[in-house]
Amino acid sequence: MKKSALIVMASVLSFSLSACGGVKNWENNLNDYVYSMNFHNNFNVLQLTDIHWNNNSSTTDSKQYLEKLFNEVDKHLKATQGNNAKIDLIELTGDQFMLSNSYHVKTFLQFFEEQAVKHGFMYAAIWGNHDRHGLYNPNWLGEQHKKAEHCIYIEEEDKLYGRSNFVINLNQGGSTKWQLFNLDSGASFSETAISPFRDYDYLRQDQVQWYIKENKAADFAPAIAYYHIPQQDNLAAWNRIHKENVNLKHKFFKLEGFADNGNEEYASDFIEVAGQQSLRAAFQGHAHNVDWTVELESGVVLGLGVKTGVELYYAHIDPADNDPALQEGLASVGINEKFDLIGASLVTLVDDNHFDLEHVYFNERTSGDFVKWVKW
Amino acid sequence: MKKFFDKENFLVSSFEKKAKAQSFVLAIAILLVFLITSFVFMNTLYVFADELGSIVSGNPDVAIKDFLRSLPIYLSLFCSIWTLLLLHATFRRVNDEKWHRSLKKDAICLLAFGGVSILYVFVGLIAGKYSSIVEGSPSAIYPLDSIIYSLVFIAIGVFVLVYLKKLEEKIPYVVPGRTDIVTKARPVYCIFVTFWMLIALFGLSGGLYSIFIYDFKHEFVFFGIAVILAYLISPIQLCAWEFFYNEIKPEKKKEMLLPLSLVSLGCSVTTVALYMISLSTGLDAPSNAGFGMFPVAFAASVNIATLIMVFTPLIVSVVALIKGLILRKQQ
């Protein structure tokens, strides 16, 4: 009896020790968070967000939608940039999954691997709040991404907040021309142990410091950040325009809240701090009925991507609806017919200093698919 | 303490050998079906939570489309629950007339749910609502798996109806009738026990899934263990109530309820305390360590499910304690 008790105690102790060991200090290992790609003018980054594969999804239908979308983007790029143009990188900005299981994850990655070979792109995966929300271990999900040949995903055992923070350096002629930051904006947290409600998470101080150091290591190359949950800056910009009449360039739709945590105590200074360095733009997902984009006074372009696919929820745009925000969005994009606010957003890094942004609204229809490209 | 384990205090002590064996087999069958039902329940909750999310976010059209696709999953849950009811009605038979009526009703329900499910899938296939019989999601062979699952329950329904016919000639089931455990306030009792059963179903699959789903890295180890305990306490408590307390002879129940409720309360308080301490050490833990266990709560960004899971066993223990005190006063 005593012997078996000792064996159990030893097992528990060794498990606890192994669980606590091997934590990396990110400050001394900045290179471990970098993935490098070759840069060329007209480098195309397609943002897909909130695909939300779940137990209700027909993966067959969803794959068909995504395949059509890739073909449309490919066609558009060839028409506007020439026959050699292609999608170079896909940024999956979170909530690829929600209430799903290992079948969804494996099918999703297998599909993206096939498409990556077909279209010649790499794809980077970022955590959304709901990606943790499935019948699988989050570590297993990370491992699956690491194993996928064309997937860019770095997850280190470190104290840096979030499961996965990494940067894609786009290099040319021995220097980094652009940096694409992929940040984990977390999921949610309780303010106290007995809170019945949960707040949406936010970018933490150590993530901001990590950005600063990684950007400095790349000689302050212009950078674009991708993360899932919008921070308070989006709402602040909207309010400055609509309540204080501040004149800022803005476009697209805002048909629901941005869904930041709305709490000053948990506000992030990422946009402010990174904007003072070399951040040129930050794109998020999370709020499906929003793709509103604004250029801040600092010159940073801040916006949400277009929700991809028909899972969970999305906005049905009807020009007959008198909602002022909807009408403002319609006027900004110049569309005068019914459509669903789903599709993708495309960033083209024109050269080592400029980028273009386009949103594509792509709806499958039996009478012929609806496609509208709208430039920023 | 000795009286807890005195065989003479339990109903089964007065059973004949065959009745004891039948009672044991039924108890095992109930536990097995309970386990299967708990996993079906978790998957149905996943489907339901997503649909609820669509409705809450202003897209009832998406919720309806999803519901129509996933209807066989709901029907699978009904089949599982009705099998559980059928087995329970047999295990806790009060008298033959009531039992036969209940068996017949439950068997017909199984045939109906199973039949509708199979028919629904075939109509869906013909109408093009399913692109193939193995369209995929939530499993690689959905909706074929729901057809196979339904066939199993149809077979159970047919077996029960044939068995009932044979009962008229010969009675192979010899477990004696038991006292109806519900005497007054039946509707309140039924609502309470149904809620408790659903929590226990959720807790069992949640607790077992957690072992594989939870991320036990870094500071999440303590939280993970506390949550698994919080999940498993409800099914353990329900199991103890059904197969221990309800198996005590009625005349012995009065003296045994109070000490039993104190044991239950001790376990519940420990679980709640562990959960609270673990949560206070890492308020990020639930969303990072395996939030898959809180489907509806997370979809709505509300922590209610966690609180329900942790506090239900506590409420059950307090109710038992109050009843125990009242019974002791009456003695």
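Conventions and cut-offs
Residues numbered from 1 in each chain as written. Chains lettered and ligands numbered in written order. Predicted model: local features only at pLDDT ≥ 70, side-chain atom pairs only at ≥ 80, totals over all residues. Helix = DSSP H or I, 4+ residues; strand = E, 2+ residues; numbered from the N terminus. Rg over C-alpha atoms; globule rule 2.2 N^0.38 Å. Buried ≥ 20, exposed ≤ 12 C-beta atoms within 10 Å, placed from the backbone. Contact = placed C-beta atoms within 7 Å. Nonpolar A, V, L, I, M, F, W, Y, C, P; charged D, E, K, R; others polar. Pairing = 2+ DSSP bridges. Right-handed = clockwise from strand over helix to strand, strands pointing away.

Next up on the list: the overall build of chain B. On a plain count of helices and strands, chain B comes out with ten helices and zero strands. Along chain B, helices and strands appear, N-terminal first, in the series α-α-α-α-α-α-α-α-α-α. A compact globule built from 331 residues should have a C-alpha radius of gyration of about 20 Å, and chain B, at 22 Å, falls within 12% of that. Judged by the C-alpha coordinates and their principal axes, chain B covers about 60 × 60 × 35 Å. Burial analysis of chain B (331 residues in total) assigns 39% to the buried set. Pairs at least 24 apart in sequence give 80% of the contacts found in chain B among residues at least 6 apart.

What follows covers the interface of chain A and chain B. The interface is formed by 38 residues belonging to chain A together with 47 residues belonging to chain B. Within the residue set of the side of chain A that touches chain B, elements represented by two or more residues are helix H1 (2-20), helix H2 (59-81), helix H3 (102-119), helix H4 (138-147) and strand S8 (188-189) of chain A. Partitioned by chemical class, the residues of the side of chain A that touches chain B number 17 nonpolar, 19 polar and two charged.

Here we come to the pairing of strand S17 (residues 343-349) of chain A. On a regular strand, each side chain points to the face opposite its neighbour's, so the side chains alternate between the two faces of the sheet. Residues and elements named next belong to chain A. Extensive coverage of S17 is indicated by the burial of seven of its seven residues. Looking at chain direction, strand S2 (residues 43-48) and S17 are connected through five bridges and run antiparallel. Across the sheet, residue Val 45 finds its bridge partner in S17, namely Val 347. Bridge analysis of S17 against strand S18 (residues 355-363) gives seven bridges, and the strand direction is antiparallel. Bridge pairing in S18 places Thr 348 opposite Asp 356. Linkage of S17 to S18, two consecutive antiparallel strands, is achieved through a turn of five residues.

What follows is about the pairing of strand S4 (residues 122-125) of chain A. Residues and elements named next belong to chain A. The pairing of strand S3 (residues 89-92) with S4 spans four bridges and is parallel. The partner of Glu 91 across the bridge, within S4, is Ala 124. Two strands pair when backbone bridges link them, and S4 and strand S5 (residues 151-152) are joined in this way by two bridges, in the parallel orientation. Each residue of the ladder has a partner; that of Tyr 123, found in S5, is Cys 151. Each parallel crossover has a hand, and the one from S4 via H4 to S5 is right-handed.

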